[in-house]
Amino acid sequence: MAAIMTKVTRRHPTKAVRLALPAIAVLLTATSCAGTDDGPTMTHEQAKQKTESYFADAFAALPQPVTAVTDRDSDGMCFKNDAPSEEDGRTMAVTSRYLRGIPADHHAATFDAFRDHLVKAGFEVTSSHPDAIFLKNPKDGFRASIDDGGDWSTTLTIGFVSPCVWPNGTKPPPA
């Protein structure tokens, strides 16, 4: 599978943030752009709107009160299968939020609500651990995750990642 690299737009100085980033990296790696899909896709803006919509729907299904704080919303770059260091022109939209104010004894209920909501929305669990759940929607290729906040006992992280898409919806003509 091809490798995925993301452009991080801001620095994360705390240990808890550094601990949460591996889950997002796993989520991004799992969305590698195998093959060279030359067909039309949704635009990057449409993909971003869909990750935001998935987030809003999932957030509304969580036990409240909880506060969502932007983690990282950067684009992921897709690479060629036969040249893993060469971008292929497609991108992924990423929406990631910290969920603050969730007592440690409520994490399991929050995980359950997140998973149950997304499964009802068509996602399938691809991996599940006591501190993280990863899901994929087989109909549209979008992925989702939830994981504990590392050493922040009242914080969880959720993220949504689009499949690789052509920024304007179609492959540009060869240069």
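Residues numbered from 1 in each chain as written. Predicted model: local features only at pLDDT ≥ 70, side-chain atom pairs only at ≥ 80, totals over all residues. Heavy atoms only, no water.

Right, let's talk about the pairing of strand β6 (residues 124-129) for a bit. Note that β6 and strand β7 (residues 132-136) share five bridges and pair antiparallel. Within β7, the position partnered with Ser127 by the bridge is Phe134. Linking β6 to β7, which pair antiparallel, is a turn of two residues. (Pairing = 2+ DSSP bridges. Helix = DSSP H or I, 4+ residues; strand = E, 2+ residues; numbered from the N terminus.)

A few words now on the environment of Ile158. Looking at where Ile158 falls in the secondary structure, it is placed in strand β9 (residues 155-161). Distance from Ile158 to Asp147, taken between C-alpha atoms, is 6.6 Å for residues eleven residues apart in sequence. Filtering out sequence-adjacent residues up to four positions away, Ile158 remains in contact with Phe55, Thr95, Ser96, Arg97, Leu99, Phe114, Ser145 and Ile146. (Contact = heavy atoms within 4.5 Å.)

We now examine the nonpolar core. Across soluble globular proteins, nonpolar side chains show a tendency to be buried alongside one another. If you look at the biggest cluster of nonpolar residues, it comprises 24 residues, and the most contacted ones within it are Leu99, Phe114 and Phe160. Listing elements by their share of this core, those giving two or more residues are α2 (44-61), α3 (107-120), β7, β8 (143-148) and β9. In terms of residues, this core owes the most to one element, α2, which gives five residues. Residues contacting Leu99, with those up to four places away along its chain left out, are Phe59, Leu62, Val66, Thr67, Ala68, Thr154, Thr155, Leu156 and Ile158. Counting five residues, the second-largest nonpolar core is a separate cluster that includes Met92, Val94, Val161 and Cys164. (Core = buried A, V, L, I, M, F, W, Y, C linked by side-chain atoms within 4.5 Å. Buried < 20%, exposed > 50% of the residue type's maximum accessible area, 1.4 Å probe, protein only.)

On the secondary structure map, Ala132 appears in strand β7. Taking the C-alpha atoms as reference points, Ala132 and Ile158, separated by 26 residues in sequence, lie 9.5 Å from one another. Among all residues touching Ala132, those that are not within four sequence positions of it are Phe111, Ser127, Ile146 and Asp147.

So, on to α2. With 18 residues, α2 should cover 26 Å at 1.5 Å per step; its first-to-last C-alpha distance of 26 Å lies within 8% of that length. By the burial criterion, the buried members of α2 are His44, Ala47, Lys48, Thr51, Tyr54, Phe55, Ala58 and Phe59. Looking straight down α2, one finds that the buried residues subtend no more than 130° of arc, so they occupy a single side. (Expected span 1.5 Å × (residues − 1). Arc of directions from axis to C-beta.)

With that settled, the discussion passes to the packing of aromatic side chains. Geometry of an aromatic ring pair is reported as the spacing of the ring centres plus the angle between the planes. Overall, the coordinates contain five aromatic pairs when judged by the stated rule. Centroid distance Tyr54 to Phe123: 4.9 Å. Interplanar angle 80°. Geometry classified as edge-to-face. Here the residue Tyr54 occupies a position in helix α2, and Phe123 occupies one in the loop between α3 and β6, the gap between them amounting to 69 residues. Centroid distance Tyr54 to Phe142: 5.6 Å. Interplanar angle 65°. Geometry classified as edge-to-face. With a gap of 88 residues between them, Tyr54 in helix α2 and Phe142 in the loop between β7 and β8 connect regions that are remote in the sequence. The same class applies to Tyr54 as to Phe142, namely buried. For the cation-ring pair, Lys50 lies above Phe142, with the distance from its terminal atom to the ring centre recorded as 5.9 Å. Above the ring of Phe55, the side-chain terminus of Arg97 is found at 5.2 Å from the ring centroid. (Phe/Tyr/Trp six-rings, centres within 6.5 Å; stacked < 30°, edge-to-face > 60°. Lys NZ or Arg CZ within 6 Å of the ring centre and 35° of its normal.)

Across all of its chains, the model carries six salt bridges by this definition. A salt bridge links Lys50 to Asp140; the nearest nitrogen and oxygen atoms lie 3.5 Å apart. With a gap of 90 residues between them, Lys50 in helix α2 and Asp140 in the loop between β7 and β8 connect regions that are remote in the sequence. In this structure Lys50 comes out as partly exposed when scored by relative accessible area, which is 32%. Between Arg115 and Asp112 there is a salt bridge; the shortest N-O distance is 2.9 Å. With Arg115 and Asp112 both in helix α3, this residue pair falls three residues apart, about one helical turn. On the basis of relative accessibility, which here comes to 34%, the residue Asp112 falls in the partly exposed class. (Salt bridge = Lys/Arg side-chain N within 4 Å of Asp/Glu carboxyl O.)

By themselves these figures say nothing about function.
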